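# Per-entry structural report
Listed below, chain by chain, are the residues.
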Amino acid sequence: ADRMEFVEINESVGRQFGRTREDVLAGGLREALLTDFEWLRQEYARLIAQSPRPSTHTHEYPAAGGVRMVAEVTRHAVRMDGRWMVVALLRDITHAHAEHQRLQRLQAAINEADDAISIVDPQLLEYLDVNEAAARMRGLARDEMRALGPVGMLLRASGHDAETGVPDTEASVRRMLKERDAE
């Protein structure tokens, strides 16, 4: 950690950067990571202070083919032969990160829609999600609607208590009066 240089890397690191292991080792940490070295020094000092607890972050790095790789980086500070070293494990999460961002955009679009949208687990008969419009149309908050679930919503709409399934007397009386007035 003191010299801010690679001690060792495996072949996988070289492949992730689109180079050989030897080329990455020769280019050093600064060339491989293209990051703010002052930030990295502070991160290493923090790791040493909190050792043996690891630190996990998500970072973007230049990768093979000129694209950016999103990696989950877990670092551990370890003391070996009187020197501090930082062991870093990089896991390429580029595809998972892109999928997560796509799902966030989709969820934002669904929540902004004026149409009522609900997603139901057909086996559990539970709402996986409902948008604001669906809850608003039923006079509920999203959490309330999700808690009731589709069965609870059907019971509620039919004048039954959603929790007990027993007819709601007040709702039944109102419905009977409304039907009588319609005649």
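In the block above lies the structure referred to throughout.
A brief report on the enclosed structure follows. (Residues numbered from 1 in each chain as written. Predicted model: local features only at pLDDT ≥ 70, side-chain atom pairs only at ≥ 80, totals over all residues. Heavy atoms only, no water.)

## Re a nonpolar patch on the surface
A cluster of nonpolar side chains, contributed by Val120, Leu125 and Val151, occupies part of the molecular surface with about 230 Å² of accessible area. Judged by its relative accessible area of 35%, Val120 falls in the partly exposed class. (Patch = residues over 30% accessible without salt bridge, like charges linked within 9 Å, V, L, I, M, F, W, Y side chains within 5 Å. Areas by Shrake-Rupley, 256 points an atom, 1.4 Å probe, with all protein chains shown as cover. Salt bridge = Lys/Arg side-chain N within 4 Å of Asp/Glu carboxyl O. Buried < 20%, exposed > 50% of the residue type's maximum accessible area, 1.4 Å probe, protein only.)

## Some details on the pairing of strand β2 (residues 68-80)
The side chains of a regular strand alternate, residue by residue, between the two faces of the sheet. Pairing geometry for strand β1 (residues 55-62) and β2, over 8 bridges, is antiparallel. Pairing of Thr58 across the sheet is with Glu72, part of β2. As consecutive antiparallel partners, β1 and β2 are separated by 5 residues, and within that stretch Gly65 has a phi angle of approximately 75 degrees, a positive value. Sheet analysis places β2 next to strand β3 (residues 83-92), joined by 10 bridges and oriented antiparallel. Its bridge partner being in β3, Val73 is matched across the sheet by Leu90. Where β2 folds back onto β3 in an antiparallel hairpin, the turn is made up of 2 residues, including Asp81, whose phi is positive at roughly 50 degrees. (Pairing = 2+ DSSP bridges. Helix = DSSP H or I, 4+ residues; strand = E, 2+ residues; numbered from the N terminus.)

## Some points on the sheet that holds β1
The sheet built from 3 strands is open, its strands ordered β1-β2-β3 with antiparallel pairing. What marks the edges here is a single partner per strand, and that holds for β1 and β3. Each strand axis lies, on average, 35 degrees off the axis of its neighbour in the sheet, ignoring direction. (Axes fitted to C-alpha atoms, helices over the stretch in contact; angles between N-to-C directions.)

## Here we look at the nonpolar core
Membership of the largest hydrophobic core is limited to 10 residues, which are Ile9, Val13, Phe17, Val24, Ala32, Tyr61, Ala63, Met69, Ala71 and Val73. Looking at this core, the elements with two or more residues in it are α2 (21-33) and β2. Per-element tally for this core: the top contributor is β2, with 3 residues. Sequence-distant contacts of Met69, defined by excluding residues within four places in its chain, comprise Gln16, His59, Glu60, Tyr61, Ala63, Leu90, Asp92 and Thr94. (Core = buried A, V, L, I, M, F, W, Y, C linked by side-chain atoms within 4.5 Å. Contact = heavy atoms within 4.5 Å.)

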